[in-house]
Amino acid sequence: MQHLNDEELVAHHYGDADAAEHLHACAECAARLTTLRQVLALVDAAEVPVRGAEYPEQMWNRLRWRLERRERKTRRWLLAIAAALAMVLAGGELLRNRRAPAGTRQPLAAATATAPDQGSNVLANAVGDHLDDAERVLTEIANADPARDLDVSSEQSRAEDLVTSNRIYRQTAMRRGDARIASVLSDIEPVLIELSHAGKLSSGELAELQKRIESRNLLFKLRVLNSRTERPNHNLLAANRMHSL
Amino acid sequence: MEMTDVAAVSRARDGDADAFRLLVERHSRAIFRVAWRMTGNEHDADDVVQETFLRAYRQIDGFEERANFSTWLHRIAVNCSLDLLRSRQRHERQYTNGLDSIDATSDAPEPDRVVLSAELQQQVTAAMKLLSDNERTAFVLRHFEGMPVEEIGKTLGIQVNAAKHTIFRAVRKLRDSLEPLVRPTQCNT
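This one's a predicted model, so the numbers in the text were calculated from it and none came from an experiment.

1. Regarding the interface of chain A and chain B
How big an interface is tends to be reported as the loss of accessible area on association of its parts. In this assembly, 38 residues from chain A lie in contact with 52 residues from chain B. Both faces considered, chain A and chain B share a buried interface measuring about 4700 Å² in area, 62% of it formed by carbon and sulfur atoms. Of all residues in chain A, A:Leu42, A:Glu47 and A:Arg51 give up the largest surface area on contact with chain B, accounting jointly for 15% of the area buried on that side. Taken together, chain A and chain B are joined by six salt bridges. When the shortest N-O distance is used, the salt bridge between A:Glu57 and B:Arg21 registers 2.8 Å. Our count for the chain A to chain B interface comes out at twelve residue pairs in polar contact (both at pLDDT 80 or more). Residue assignment for the side of chain A that touches chain B shows that the elements contributing at least two residues are α1 (6-13), α3 (27-45), α4 (55-99) and α10 (236-244) of chain A. Along the lines of polarity and charge, the residues of the side of chain A that touches chain B split into 22 nonpolar, five polar and eleven charged.

2. Some thoughts on helix α9 (residues 218-228) of chain A
Residues and elements named next belong to chain A. Where α9 is concerned, the buried positions are Leu218, Leu219, Leu222, Leu225 and Asn226. Looking down the long axis of α9, one finds its buried residues gathered within 135° of arc, a one-sided arrangement. α9 presents Phe220, Ser227 and Arg228 as exposed residues on the side facing more than 90 degrees away from its buried surface.

3. Focus on helix α2 (residues 17-39) of chain B
Residues and elements named next belong to chain B. Taking 1.5 Å per residue, 23 residues should reach 33 Å; α2 reaches only 29 Å between its end C-alpha atoms and comes up short. Along α2, the helix axis deviates most sharply at His27, where the bend reaches about 50°. Measuring from the side-chain oxygen of the N-cap residue of α2 to the backbone nitrogen of Asp18 gives 3.0 Å; that N-cap residue is Asp16. After α2 finishes, the residue Gly40 shows a positive phi value of roughly 75°.

Calculation criteria
- Residues numbered from 1 in each chain as written.
- Chains lettered and ligands numbered in written order.
- Predicted model: local features only at pLDDT ≥ 70, side-chain atom pairs only at ≥ 80, totals over all residues.
- Heavy atoms only, no water.
- Contact = heavy atoms within 4.5 Å.
- Buried area = accessible area lost by both parts, 1.4 Å probe.
- Salt bridge = Lys/Arg side-chain N within 4 Å of Asp/Glu carboxyl O.
- Polar contact = N/O pair within 3.5 Å; in protein donor to acceptor, adjacent residues only side chain to side chain.
- Helix = DSSP H or I, 4+ residues; strand = E, 2+ residues; numbered from the N terminus.
- Nonpolar A, V, L, I, M, F, W, Y, C, P; charged D, E, K, R; others polar.
- Buried < 20%, exposed > 50% of the residue type's maximum accessible area, 1.4 Å probe, protein only.
- Arc of directions from axis to C-beta.
- Expected span 1.5 Å × (residues − 1).
- Bend = angle between axes of the 7 residues up to and from the residue.

Below, the structure is given as structure tokens:
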């Protein structure tokens, strides 16, 4: 009698082939199948690390932050575009006003009132989220161990996004004459740029960056500005976060 | 009445964060188990769970309501694990710290389970480490997930026969390593 080869035994075990007839008649192959099943039972018995009842909650907390960041990122871009459009509209209005005959000109304040006021809310809302993100990045850097190199490659694209949005908000704030926002955004921009170019910070570079953050009180400025920034819109996840805390 | 997965998905699609949270709470531990078996590393498994739910959130519009959410999620978890394993291969990192922290985190085993001694556990761990990433994946999908060979082939991007051989090689390696441990039992019975 020709015995089953190993592959046939495995296929039979997983139900991919039917060798029952042979196994019924062949004690040797039946014994080999028993051994195979005992081996696999050992594998089954190896314990998977158990995640306790708190695990889903922990996982949700990790996810919530990333989902929220993703939502904010999308919203920030939309708001930045809206702010830029508001600036363009205001600029167009000013230009039209200048070209109009002297007698029909509106006062400057009236010409800039509509779009910039709309832009103001938009800007405040968008900048608040931007400040949150920038603060998180800078806090991570400030709290890193200066005795060790720091791999920031995973943060690079985040820093690149922040640099881009930082520029838009800074320019918008300058045009609107909001020196307070513009100044803080100018202060943090070099650090964000450096992070966006750094794949890995050596301990020396990290220490230097931490020194800059500290000596210029960047985190303090960010927090003060953030606390003073009105944000009328709160998304669902943010509300949910507050609810969970 | 408890919300079904399908109802939760439907509400999550409409931006209901609590509904998505329910899905995370309901499925995260099961996803961790498959991720751990695939990656062999607790930290990687945690990352896979996180990535799985992020992808699920992004792709939730693509979930067909007649499908089983758990199966859909498991498939995403398998793909996330594979991505992680491939990324690890690209970086020429070896699978070194596989099932290394079992004792530190495991709760007491269920009474009706076979309880392995610490030594046996280590040997099973060592045997699993001998599998290549593909072998490990194919084995986990067939043995623990019950995935058909054809599906495993599609998942791994190989032909059905190659998938069969991969599963077979994995089982053979495990048997070669672990058979000496089960033989005494045979003699005693």
